[in-house]
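Observations on chain architecture
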Amino acid sequence: MNDWSEKDVGLLLGALSGVYKDTESTKRAIARGSEESNPLLGKNPSGADLDKYGIAAALLGTGAAAALPEKWRRPMLGAWAGLEHGLALQESLGRRRRG
């Protein structure tokens, strides 16, 4: 990460922690009887499938951020972090509509 600032790294870590939180909150929701709405995962994915999807999302998001010019990296990372944390919060509050 040659030209990444501390702020860039912090935003990346925020996004990655959001991916983790979203994955874990989805596992809990499915255990409570909710259905997944992501067609790539199906209605009742296993914890392992959710983990694999989370890892893929983390790798693809990180790769996309690394490929972007510096002026676009921070907005992308900030939006990604906000999206992931928002999804996790909705899930944990039971407001995310599934299925």
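See above for the structure.
It should be emphasised that the depicted structure is a prediction, and the values quoted were computed from it without experimental measurement.

**Observations concerning the overall build of the protein**
A tally of helices and strands in the protein yields three helices and zero strands. Taken from N to C terminus, the helices and strands of the protein fall in the order α-α-α. For the protein, the spread of C-alpha atoms along the three principal axes comes to 45 × 25 × 15 Å. Relative to its 99 residues, the protein shows a buried fraction of 31%.

**Things to note about the side chain of threonine 23**
Residue placement: threonine 23 occurs in helix H1 (residues 6-31). Judged by relative accessible area, which is 12%, threonine 23 ranks as buried. At a separation of 2.9 Å, a polar atom in the side chain of threonine 23 contacts the main-chain carbonyl oxygen of valine 19. Apart from the residues lying within four places of it in its own chain, the contact partners of threonine 23 are Leu50, Asp51 and Gly54.

**A closer look at the environment of leucine 13**
Following the sequence through the fold, leucine 13 ends up in helix H1. Remark: the alpha-carbon pair of leucine 13 and leucine 77, spanning 64 residues in sequence, is separated by 9.2 Å.

Calculation notes
- Residues numbered from 1 in each chain as written.
- Predicted model: local features only at pLDDT ≥ 70, side-chain atom pairs only at ≥ 80, totals over all residues.
- Heavy atoms only, no water.
- Helix = DSSP H or I, 4+ residues; strand = E, 2+ residues; numbered from the N terminus.
- Buried < 20%, exposed > 50% of the residue type's maximum accessible area, 1.4 Å probe, protein only.
- Polar contact = N/O pair within 3.5 Å; in protein donor to acceptor, adjacent residues only side chain to side chain.
- Contact = heavy atoms within 4.5 Å.

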